[in-house]
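Examining the three-dimensional arrangement
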Amino acid sequence: MRRIRFFWVIIKRCHFDKFLYVFIISFFVCSLIVQLTEPGIKNYGDAMWYLFVSCTTIGFGDIISDTILGRLITVYLTVYEIVLVALLSGVVISHYIEVIHRREQMTASMFMDKLEHLTELDHDELFEIQEKAKALARKAAKGKA
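Residues numbered from 1 in each chain as written. Predicted model: local features only at pLDDT ≥ 70, side-chain atom pairs only at ≥ 80, totals over all residues. Heavy atoms only, no water.

1. Re the nonpolar core
Core analysis: the largest hydrophobic core is formed by 18 residues, its most contacted members being Phe23, Val34, Ile41, Tyr50, Leu51 and Leu77. Of all the secondary structure elements, the ones that give two or more residues to this core are α1 (2–13), α2 (16–37), α3 (44–55) and α4 (68–116). (Core = buried A, V, L, I, M, F, W, Y, C linked by side-chain atoms within 4.5 Å. Buried < 20%, exposed > 50% of the residue type's maximum accessible area, 1.4 Å probe, protein only. Helix = DSSP H or I, 4+ residues; strand = E, 2+ residues; numbered from the N terminus.)

2. Description of α2
Spanning 22 residues, α2 covers 31 Å between terminal C-alpha atoms, matching the ideal 32 Å at 1.5 Å per step. Those residues of α2 that sit buried are Phe16, Asp17, Phe23, Ser26, Phe27, Cys30, Ser31 and Val34. Those residues of α2 that are buried lie in contact with α1, α3 and α4. (Expected span 1.5 Å × (residues − 1). Contact = heavy atoms within 4.5 Å.)

3. Focus on the pattern of salt bridges
Applying the stated criterion across every chain yields a total of 3 salt bridges. Between glutamate 128 and lysine 132 there is a salt bridge, with the nearest N and O atoms lying 3.5 Å from each other. You can see glutamate 128 and its partner lysine 132 sitting in helix α5 (residues 123–144), 4 residues apart, about one turn around the helix. Under the relative-accessibility criterion, lysine 132 is labelled partly exposed at 34%. The partner of lysine 134 in a salt bridge is glutamate 131, with the nearest N and O atoms 3.9 Å apart. Note that lysine 134 and glutamate 131 are positioned in helix α5 at a spacing of 3 residues, about one turn of the helix. Note on lysine 134: relative accessible area 38%, which makes it partly exposed. Judged by its relative accessible area of 31%, glutamate 131 is partly exposed. (Salt bridge = Lys/Arg side-chain N within 4 Å of Asp/Glu carboxyl O.)

4. A few points about the layout of surface pockets
In this approach, a probe sized like a water molecule rolls over the atoms, and the result shows the empty space that is left. Of the voids in this model, the largest pocket is the one considered here, and its volume is about 210 Å³. Forming the walls of the largest pocket are Glu104, Thr107, Ala108, Phe111, Lys132, Ala135, Leu136 and Lys139. The set of elements that each furnish at least two residues to the lining of the largest pocket consists of α4 and α5. Along the lines of polarity and charge, the residues of the lining of the largest pocket split into 4 nonpolar, 1 polar and 3 charged. (1 Å grid on protein atoms, 1.4 Å probe; cavity = no way out; pocket = protein on both sides within 12 Å on 5 of 7 lines; lining within 4 Å. Points joined across faces, edges and corners; volume = space filled by probe spheres on them. Nonpolar A, V, L, I, M, F, W, Y, C, P; charged D, E, K, R; others polar.)

5. Regarding the packing of aromatic side chains
Per the counting criterion, the structure on display carries 9 aromatic pairs. Ring centres 5.7 Å apart and planes at 80 degrees place the aromatic pair phenylalanine 27 and phenylalanine 28 in the edge-to-face group. Residue class for phenylalanine 28 comes out partly exposed when judged on its relative accessible area of 39%. Pairing tyrosine 76 with tyrosine 80 gives two aromatic rings, centres 5.9 Å apart and planes at 65 degrees, and the pair type is edge-to-face. With a gap of 4 residues between them, tyrosine 76 and tyrosine 80 both fall in helix α4, about one helical turn apart. (Phe/Tyr/Trp six-rings, centres within 6.5 Å; stacked < 30°, edge-to-face > 60°.)

6. Observations regarding the confidence of the model for the protein
With 99% of its residues at a pLDDT of 70 or more, the protein has an overall mean of 86. Ranking the elements of the protein by mean pLDDT puts α5 last with 81 and α2 first with 94. (pLDDT = per-residue confidence, 0-100.)

7. A closer look at the packing of α3 against α4
For any two helices packed against each other, the geometry comes down to the angle between their axes and how far apart the axes lie. The contact between α3 and α4 brings their axes to 9 Å, and the two run at 50 degrees. In terms of axis orientation, α3 runs oblique to α4. The interaxial crossing formed by α3 with α4 has right-handed handedness. Contacts between α3 and α4 involve Tyr50, Leu51, Ser54 and Cys55 on the former and, on the latter, Gly70, Ile73, Thr74, Leu77, Thr78 and Glu81. Per-class residue counts for the contact of α3 with α4 are 5 nonpolar, 4 polar and 1 charged. (Axes fitted to C-alpha atoms, helices over the stretch in contact; angles between N-to-C directions. Parallel < 35°, antiparallel > 145°, perpendicular 65-115°, else oblique. Left-handed = near helix turned anticlockwise from the far one by under 90°.)

What follows is the structure, given as structure tokens:
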């Protein structure tokens, strides 16, 4: 549950929630239009099922669109959903990279602060800095190789 809340915070922070709301409203409105215009779709649930199957690109073929309006609505909603998924993955990845960058900056600033106050550090803290310096040297050596 905590991860879902964190995910929702990311979505709201990037204002992606508005894009999601528009998709949900479009889905229900388009389902109503498809139900009213398609002769092969008898009820609202079948219209929602048809658009869901189309948007997820499963395409069972149990319900099909016969009219041009129904097909245009299907194309609109399918393209919207593809863009939605692409943007959502971009938002999540962008946030993840930002978090990693902040952690690196925080670690580097703490390291530099410790280097500035070497005379005030105890033996364990000095040993920790030594190990970090060795790890950075190994990383730099691997990068050059």
